[in-house]
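Now for the letters of each chain:
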Amino acid sequence: MKFINATTCPWKHAIGEDGPKPDPDPAPNRLLSLEQWHAVRAHWPQDVPAAIEFPNDADINQLAPDLPRIALVVLDFPKWTDGRAYSQAHLLRIRHQFKGAIRARGEVLVDMMQLLARTGFDEVVMRGDQSQAAAQKALDLFAPVGFYQGDVDETRPWFLRRSAA
Amino acid sequence: MYQYTDFDRRFVHARAAQYRDQLERHLAGTLGTDEFRALRLQNGWYIQRHAPMLRVAVPYGELSSRQLRQLARIAREYDRQPDGPFAGQGGYGHFTTRQNLQYNWIPLVDSATVMDLLAEVDMHGIQTSGNCIRNITSDAFVGIAPDEIVDARPYAEVLRQWSTLHPEFAHLPRKFKIAISGAKEDRAAIGWHDIGLQLKKNAAGEVGFQVFVGGGMGRTPIPGVEINAFVPWHHILVYIEAIVRCYNLAGRRDNLYKARIKILVKAEGQKFFDAVNEEYQRILAGDPAGHEQIIPQAELDRVAACFVDPVGVKAAAAVQLDTSDPAFARWLQRNVHGHRLSGYRAVTLSLKRIGIAPGDTSADVMDTAAALADQFSHGELRVTHRQNLVLPWVREADLPALFQAARAAGFATPNAGLLTDQIACPGGDFCALANARSLPLAAEIAERYQDLDELEDLGEIDLHISGCINSCGHHHSGHIGVLGVDKDGTEWYQLTLGGGDGTKLAGGTVAGKVIGPSFAADEIADAIDAVIETYTRERLAGEHFIDAVKRLGLDPFKTAANAVRVSTAKA
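All values reported here derive from a predicted model rather than from experimental measurement.

To continue, consider the overall build of chain B. Per the secondary structure count, chain B includes 17 helices and 23 strands. The C-alpha atoms of chain B give 23 Å as radius of gyration, which agrees with the globular expectation for 571 residues (25 Å, within 12%). Looking at the 571 residues of chain B, the share that counts as buried comes to 56%. Contacts spanning at least 24 positions in sequence make up 68% of the contacts within chain B whose residues lie at least 6 apart.

This is the structure in C-alpha cells:
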C-alpha cells in the first residue's frame, strides 16, 4: 500500500481562475473529475495518461473502454462506512483487469486497510489524524493466516488453496 | 458438527488479536468512539442501556457441550457488573431468535479477553452485528428432521466461511441476513430474511437452491420474493455474490429506514432481478476468477464429512414407552419431536420458565444443559429460533431418564409451540433502542397461563413480543404479535393478529395486521386474554387459533380487545 500525501502528489487538479476547468488542455499528471474526463476524452491524445476521480454512485463499468488511457482511478469514501467503492475497485481489477493505480480518498481510516488492499486499492490518502504505522500493522495482521474468500491478489478461495497445497 | 481445521482456528485467533489491537487503540484514545463503534459491532459488541452487549455467533444453531460450558464460564466470570448502580447484575446469557447468545453485563475492558476465550472453543462474535452479512441461521432440526430433503448444514458452513470478513461486503447499506432451510416445512423463517434459501432437488435428483430475496421485518414488513427457482448448489456463492454486489452498489444509503434490500427490491422489482441475474452470468462467463468461486465437489464432501451422525448412532427398533405418568405423556407429546432415524428423537429443553425472561439462561443452567447433552445427546445441542435448546440425538429408550433429569433442572415445561413458548426480545429493560419493555408482559403471560390443560387446549399459538419496531421479537410473524411503542415517554403496545413465520400452520410468510390503536401497559395482557377468549368461544372443533383468525377476520377479536380498554377507552 502506498501512503499518498495529497499536497506532494504529482497528480494535480486542472483548476482555472473560476474553479475546475470545464475542458482542460492535455498535460501530464492531470487529475480530472468524471465530468472533465467526459469533456476531453474524445479529443485528448491517446498517449497522455490521465487520473480520474470517480464518484461512488456512478457505474464503474462505463470506464471500461477508457481504461488503457487511465493511469490512476481515485475512488471515494464520503463516509468510511459507505462501502460502495470496494465493489467498484473489485470490478476494475477482476472484471476489467485494470493495471493502473486505484487510490482511496475521503474518510480513509487505518482499519479499512485490509478491505482496501483486498479489493484492489494500492494507494491511500488517509485522513490527517491517521497513523501510517498503525495502518501498516492493520495490513499485516492476517498476513500469516490468510482469508476464506478469494480477493484481487489471491483469487482462489481457501478451499482451492488448501487442495493445491 | 463442523470440525475446525488448523486454518479456521488460526483465523478466529487472528480476529481476536485484531480486536484486541482495536480495543487498545480505543482505550488509549487513538481510535475514536464513532470509529471503534463500527469495528466492535462487527465483532458482536453493542453498547446497551447499562453496559455493552456481546452477541456470540452460534452458526446455524449448532453448539457442543464443550462450547456451552465455555459460554457458562464467560457468564460466570465476566458477565458481571463489579460496581455502579447495577453492581452484582449479570451471570447469564440470552438465547436469541437468530440462534445466537447475548451477554448483557460484560465490561468493555474485558471484551478482548472474552474474544480469546471464545476462540479457544472455536467461537467468535464475527458479523453478529453491524451492516454486514450476519450469522447464517437455519432450522433447529437440520440434519435430523424426518421431512428433510437435503441436509443444509454443509452449505450453511460453506456460506459462513465465504461471508466471514468478505472484504467487498463489510460496509453494506444495512445489515444483511441469510437463512437456509433444507426441509419441507420452513422452520427457519426464510421468507423473513434478506436472502432466504430453500434447498431442493430437481427432477434429475440434483441439488439446488430456490432463492428468495428482499424479506424483512422492521418498519416495513415485506415477505421475500423468489428471484431464482433453482440455482445449482455449486453456484450458490456466485449467485449470492451477485445479489450482494448489486445491493451494495444500488441500495439506499440516505435513509437508515430505507436501506434494507427489501426497499430496493420493492422499488425496482424485475429490474433488480435482471441486474442480479446478469451479474451472476457475468461473473461466471466473464470474470477470469469467476470459475474459482464455484464450490468443488471435494470441498462440499470435506465439509459434509463433519456432519455425519455421531459415532454409535444408528437406526434402531422403536421403543414402546410406558406413558402411564400423565406428566411424562404430556412432555412426550409436546417437547419430544420426530427424528429421521427410527429409535431416536429430538427433545426441546424449554427456556420458558416462570419468572425468567424467554431465552435467559444462567451459567449454572448452561452447565446443566451441557451435562444433559453429554449424557443423552452425544454432546450436541441446538439453539432454536424460538429461544429454546434442543437435544438432537436422544435414544427413545433414554426418554424417561431424560424427562426426570430435565424436570429436575427446570427444562421440562411441556409448552413447546404453545402460547407460553413465546418469543420476546430483551426490550426496554436492557436495549437502548427499545421503546417499551417486553419482559414484564412476557412474565405476565407466563403467570396467567400456567394451567397446562388450558394451554394444551388452546393449542399452537405463536406469541411474539418486540420492544420496538426493529422487530427482534419478530412481532410481525406472530399469530399474536405485540409491538412496544413510545408516545410522550410512556410505554404503549400495538397488537397484531394473523402473522406467520413461514410454517404451513401459519400459511406461510405473512405480516400480522394491527387491531386498533395501541393499548396501555396495564391493558395489553387483558387484551391478549380477550383475543384468546374470543378464539375459545368461536372456534370450530379442532380449529387452530391462526385458522380461526383467518376465518373470522379481525373484527370479533378487535371488539373483544377494545372492551377491556380502560385508560385508552374513548370517552
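The number of helices and strands found in chain A is five helices and nine strands. What you see in chain A, going N to C, is helices and strands ordered as β-β-β-β-β-α-β-β-α-β-α-β-α-α. Radius of gyration (C-alpha) of chain A: 17 Å, near the 15 Å computed for a compact globule of 165 residues. The dimensions of chain A, computed from C-alpha atoms along their principal axes, are 55 × 35 × 25 Å. Burial status across chain A gives 39% buried among its 165 residues. Intrachain contacts of chain A at a sequence separation of at least 6 include 43% that bridge at least 24 residues.

Residue and element names in this part refer to chain B. Neither face of strand β17 (residues 463-466) is exposed, since L463 and I465 on one face and H464 and S466 on the opposite face are all buried. Bridging between strand β16 (residues 423-424) and β17 involves two bridges; their strand directions are parallel. Bridge assignment links A424 to a residue of β17, and that residue is I465. As defined by bridge partners, β17 adjoins strand β18 (residues 480-487) across four bridges and the pair is classed as parallel. Bridged to S466 within β18 is L483.

This next bit is on the interface of chain B and chain A. With 35 residues of chain B at the contact, the number on the chain A side is 32 residues. Counting residues per element, the side of chain B that touches chain A draws most heavily on helix α1 (residues 6-27) of chain B, at eight residues.

Strand pairing within a sheet occurs via backbone hydrogen bonds; the two strands may be parallel or antiparallel. All names here are of chain B. Ordered in space as β3-β14-β15-β12-β11, the five strands form an open sheet in which the pairing is antiparallel. Each edge of the open sheet carries a strand with a single partner, namely β3 (62-64) and β11 (336-337). Note: β11 against strand β12 (residues 344-349), two bridges, orientation antiparallel. Residue pairing for β12: H337 is matched across the bridge by A346.

In summary, the side chains of a regular strand alternate between the two faces of the sheet. Residues and elements named next belong to chain B. Two strands pair when backbone bridges link them, and β18 and strand β19 (residues 490-497) are joined in this way by eight bridges, in the antiparallel orientation. Across the sheet, L483 pairs through a bridge with Q494, a residue of β19. Between the antiparallel neighbours β18 and β19 lie two residues, among them D488 with a positive phi of about 55°.

Attention shifts here to the domain arrangement of chain B. Residue and element names in this part refer to chain B. Domain annotation of chain B identifies domain 1 (6-120), domain 2 (137-301), domain 3 (326-408) and domain 4 (423-563). In this structure, domain 2 and domain 3 have C-alpha centres spaced 31 Å apart. Listed per partner, the contact involves nine residues of domain 2 and 11 residues of domain 3. Split by residue class, the side of domain 2 that touches domain 3 holds seven nonpolar, one polar and one charged.

Right, let's get into the nonpolar core. Residues and elements named next belong to chain B. With 165 residues, the main nonpolar core has I243, A369 and L391 as its most contacted residues. Ranked by residue count, the leading element in this core is helix α6 (residues 236-250), at 12 residues. Dropping the residues within four chain positions of it, I243 is found in contact with I195, V213 and V276. Residues C431, Y449, L463 and I546 belong to the second largest nonpolar core, which totals 48 residues.

The next thing to look at is the sheet that holds strand β2 (residues 12-13) of chain A. All names here are of chain A. Pairing is parallel across the open sheet formed by seven strands, whose spatial order is β1-β9-β8-β7-β6-β5-β2. The strands lining the two open edges of the sheet, one partner per strand, are β1 (2-3) and β2. Inspection of the sheet shows strand β8 (residues 101-106) paired to strand β9 (residues 123-124) by two bridges, in the parallel sense. Paired with R103 across the two strands is E123, which belongs to β9. Sheet contacts for helix α2 (residues 84-95): β6 (50-54), β7 (70-77) and β8; angle to β7, the most-contacted strand, approximately 160°.

Here chain B shows a mean pLDDT of 94. Residues at 70 or above account for 99%. Under the prediction, the complex receives an ipTM of 0.97, its pTM being 0.96.

Looking now at helix α3 (residues 65-77) of chain B. In a regular helix each residue adds 1.5 Å, so 13 residues correspond to 18 Å; α3(B) covers 18 Å between its end C-alpha atoms and thus fits that length. Those residues of α3(B) that sit buried are B:S65, B:Q67, B:L68, B:Q70, B:L71, B:A72, B:I74 and B:A75.

A few words on the environment of B:Q3. Mapped onto the secondary structure, B:Q3 falls in the segment before α1. Counting along the chain gives 261 residues from B:Q3 to B:L264, while the straight-line C-alpha distance between them is 38 Å.

Residues and elements named next belong to chain B. The backbone of Q127 shows a phi angle near 60°, a positive value even though the residue is not glycine. Mapped onto the elements of the fold, Q127 is located in the loop between α4 (111-120) and β6 (137-138). With 27 C-beta atoms packed within 10 Å, Q127 lands in the buried category. Positioned with a positive phi, S471 is a non-glycine residue whose angle comes to about 70°. Checked against the element boundaries, S471 lands in the loop between β17 and β18. Looking at S471, the number of C-beta atoms within 10 Å reads 22, which means it is buried.

Cut-offs applied
- Residues numbered from 1 in each chain as written.
- Chains lettered and ligands numbered in written order.
- Predicted model: local features only at pLDDT ≥ 70, side-chain atom pairs only at ≥ 80, totals over all residues.
- Helix = DSSP H or I, 4+ residues; strand = E, 2+ residues; numbered from the N terminus.
- Rg over C-alpha atoms; globule rule 2.2 N^0.38 Å.
- Buried ≥ 20, exposed ≤ 12 C-beta atoms within 10 Å, placed from the backbone.
- Contact = placed C-beta atoms within 7 Å.
- Pairing = 2+ DSSP bridges.
- Domains from an automatic or database assignment.
- Nonpolar A, V, L, I, M, F, W, Y, C, P; charged D, E, K, R; others polar.
- Core = buried A, V, L, I, M, F, W, Y, C linked by C-beta atoms within 7 Å.
- Axes fitted to C-alpha atoms, helices over the stretch in contact; angles between N-to-C directions.
- pLDDT = per-residue confidence, 0-100.
- Expected span 1.5 Å × (residues − 1).

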